[in-house]
Amino acid sequence: MAPSLEESDRIEDVLAVPLKNAPTLVAPEPEHCPGPETETAGKADSCAGCPNQEICASAPKGPDPDIPLITARLSGIKHKVLILSGKGGVGKSTFTSLLAHAFASNPEKTVGIMDTDICGPSIPKMMGVENETIHTYAGGWSPVWVLDNLGVMSIQFMLPNKDDAIIWRGPKKNGLIKQFLKDVEWGEMDFLLVDTPPGTSDEHLSVNSFLKESGVDGAVMLTTPQEVALLDVRKEIDFCRKAGIKILGIVENMSGFVCPKCTHESQIFEATTGGARALAKEINIPFLGAVPLDPRIGMASDYGESFFDSWPDSPACKALKGVVNRVGEELGLESDGIVPED
Amino acid sequence: MSLDKVKHIVLVLSGKGGVGKSSITTQLALSLSLAGKSVGILDIDLTGPSIPRLFGIESAKVTQAPGGWIPVPVHPANADANIGALSCMSLGFLLRERGDAVVWRGPKKTAMVRQFLTDVLWGELEYLLIDTPPGTSDEHISLAETLLKNAFPGQVAGAVVVTTPQAVATADVKKELNFCVKTGIKVIGVVENMSGFVCPNCSECTNVFSKGGGKAMAQEFGVRFLDSVPIDPQFVMLVETGRKPVYPVGTQVNGVVIRSASPEERDKDEKDPALLVEKYLDCSLARTFKGITANVMSVVERDVTATAVAA
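Values in this document were obtained by computation on a predicted structure and should not be read as measured data.

Caption draft 1: Seen up close, the overall build of chain A. Counting its regular elements, chain A contains 12 helices and 12 strands. Put simply, chain A has 342 residues, and 58% of those count as buried. When contacts within chain A are restricted to residue pairs at least 6 apart in sequence, those whose partners lie at least 24 apart make up 74%. Total accessible area on chain A stands at roughly 14,200 Å², and carbon and sulfur atoms take up 51% of it.

Caption draft 2: Molecular detail of the UniProt feature "binding site: [4Fe-4S] cluster 1" (unreviewed entry) in chain A. All names here are of chain A. Under the present numbering, the feature "binding site: [4Fe-4S] cluster 1" (unreviewed entry) in UniProt falls on Cys 33, Cys 47, Cys 50 and Cys 56. A maximum C-alpha distance of 10.6 Å places the annotated residues, which cover 24 residues in sequence, within one compact spot. Note that Cys 50 resides in the loop between helix 1 (11-16) and helix 2 (53-58). In this structure Cys 56 comes out as buried when scored by relative accessible area, which is 8%.

Caption draft 3: The packing of helix 5 (residues 167-183) of chain B against helix 6 (residues 213-221) of chain B, seen in detail. Residues and elements named next belong to chain B. Contact geometry for helix 5 and helix 6: axes closest at 11 Å, N-to-C directions at 35 degrees. The way helix 5 lies across helix 6 gives a crossing that is right-handed. The residues of helix 6 that touch helix 5, namely those facing Thr 170, Val 173, Lys 174, Leu 177 and Asn 178, are Gly 213, Gly 214, Met 217, Glu 220 and Phe 221. Looking at side-chain class alone, the contact of helix 5 with helix 6 contains four nonpolar, four polar and two charged residues.

Caption draft 4: Structural detail: the interface of chain A and chain B. Counting residues at the interface gives 69 residues for chain A and 69 residues for chain B. Each partner contributes to the roughly 5,700 Å² buried at the junction of chain A and chain B, and carbon and sulfur atoms together form 57% of this total. The interface formed by chain A and chain B contains five salt bridges. Between B:Arg105 and A:Asp202 there is a salt bridge whose closest N-O contact spans 2.8 Å. Linking chain A with chain B are 27 residue pairs in polar contact (both at pLDDT 80 or more). At the level of secondary structure, the elements contributing two or more residues to the side of chain A that touches chain B comprise helix 1, helix 5 (123-126), helix 6 (170-182), helix 7 (202-211), helix 8 (227-243) and helix 10 (295-302) of chain A. Of all the elements, helix 8 of chain A adds the most residues to the side of chain A that touches chain B, at eight residues. Considering only residue class, the side of chain A that touches chain B consists of 30 nonpolar, 20 polar and 19 charged.

Caption draft 5: Expanded view of the UniProt feature "binding site: [4Fe-4S] cluster" (unreviewed entry) in chain B. The UniProt entry lists B:Cys199 and B:Cys202 under the feature "binding site: [4Fe-4S] cluster" (unreviewed entry), expressed in the numbering used here. Mapping B:Cys199 onto the fold places it in the loop between strand 10 (197-198) and strand 11 (205-206). The buried category is assigned to B:Cys199, whose relative accessible area is 2%. Following the sequence through the fold, B:Cys202 ends up in the loop between strand 10 and strand 11. Under the relative-accessibility criterion, B:Cys202 is labelled partly exposed at 24%. Residue contacts for B:Cys202: discarding those within four places in its chain leaves A:Cys259, A:Lys261 and A:Cys262.

So, how was this worked out
- Residues numbered from 1 in each chain as written.
- Chains lettered and ligands numbered in written order.
- Predicted model: local features only at pLDDT ≥ 70, side-chain atom pairs only at ≥ 80, totals over all residues.
- Heavy atoms only, no water.
- Helix = DSSP H or I, 4+ residues; strand = E, 2+ residues; numbered from the N terminus.
- Buried < 20%, exposed > 50% of the residue type's maximum accessible area, 1.4 Å probe, protein only.
- Contact = heavy atoms within 4.5 Å.
- Areas by Shrake-Rupley, 256 points an atom, 1.4 Å probe, with all protein chains shown as cover.
- UniProt positions renumbered as here; feature names shortened; annotations may be inferred.
- Axes fitted to C-alpha atoms, helices over the stretch in contact; angles between N-to-C directions.
- Left-handed = near helix turned anticlockwise from the far one by under 90°.
- Nonpolar A, V, L, I, M, F, W, Y, C, P; charged D, E, K, R; others polar.
- Buried area = accessible area lost by both parts, 1.4 Å probe.
- Salt bridge = Lys/Arg side-chain N within 4 Å of Asp/Glu carboxyl O.
- Polar contact = N/O pair within 3.5 Å; in protein donor to acceptor, adjacent residues only side chain to side chain.

Structure below.
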């Protein structure tokens, strides 16, 4: 059999009906098919006589009835921020946890992190709450509280053994993300940070469609300087544009490394095409700053400590504070008071 | 089926993203090719394919032939130099623009993975390396299922599992090892990537992402530890710009002194016309990978003999 080089689904179509999979058809779609997953499926004029008519007509229609519930549940949250990158291992979770710590350093503010990386959750370890479990009560699930004003939700809290693999296909992952939004008692919060897995697939589509109605402030894009990473980030930006997600800006992580012995600066991941700064300029999005590679950031993450507390005077810490302030500005917050100047 | 003429299938897996699955796949392929083996790479990372970029063939397109897709050739076999042929297949070759997002839900990804496994005309191959996205989801399940159904006994040699040393990474990779246990995929061994960075100025090695996590994890799970691979920015430069790796005099990697380029060589034009596989020989990592590859080949080929004897 010759392989099909058929046009892949248009992103616009996938985004328009994001939570439905096309029903399984028994025959090829006719010429003027309205689309098996659309509102008029099975009812259009061209459907008459199509062998698929019955299947299309009986497929569930209309918007997801859970979306109003999600919107109600999240109504007490002032700002919702997504942390995205097309590429894995660039520091999405590290940055999410640092951003949370920075926002939570103001005791007046309450911060939540929702970890939507189902197959590789890192947030619990980085926040030092890896061995916690979720508490259920009549109203739903309670997040795990790292500090009085910093709560976390992740699939890791539900695993019987911490190394268990989560071998799930898309629909199951979408179901859990929905539960995280619908059933978790987030309460009154100033910030909800949504950490995501790499790529542009089920998790991203779900987060986008579930949160559309309650409103997302925007996305912070993470990358490392080399083109192999930027290539995937471009795809993520393309996704955001098409999905109508505002990009708050891009952060370049692991940008340069200063040898602790001779203080010579090396570009470990060389920005052969100009790095995030050039990309930001090219596609006209704000550049939020560059954070140098500091082995102590990774170490603090491994031990579940806040890098801000452990190494407040390091150059990486100063750079990070700068980035956090820029994120705050893009969110329209008063720039003073986001990160205390201690 | 298109895998009929493939002798050994090796998966490259990791639960964690950005640990270097694609760059390890690339280097395994180059080393296997340098060992005279014919190699194919199948990149099933659908939303973030890196293989076309790493081989500098981003603008290449796949040709359609009766019966299937023809993979993109990287270099032909060269019997005199004992270099095996190398070709790749990736979703990147099917995109109109390199920055286009591929926004696919699970079922679509499943269909594509199946198609990649059944409709690519690989021809005679000794090794097919399958590069995967991070995680244990649609692509991985479909890959495991399709191979289970279609591959002949002993054809799927197992998986090379890639990690970086820090605990945050091994925590995810342990999940991948458990995935292998559950799906019956044999683990050939663990590679610890980004294990230390040697300062080009003072030769001091800094463990930027800690050290030893990969080995400890391999011991914990009772699987072979293949080697640790340091960070070499010259390798990044080689794949990104095609510049031949050059090292300051006296550079050592894993205790071995690396041949450094003469000043004339260093000033040479960046666009060296030599093949990537030839230039790679000058990379400090080529030696490390020669060892890893020899190890992988002996495990894979021994197992096949054992299966044959048992049958």
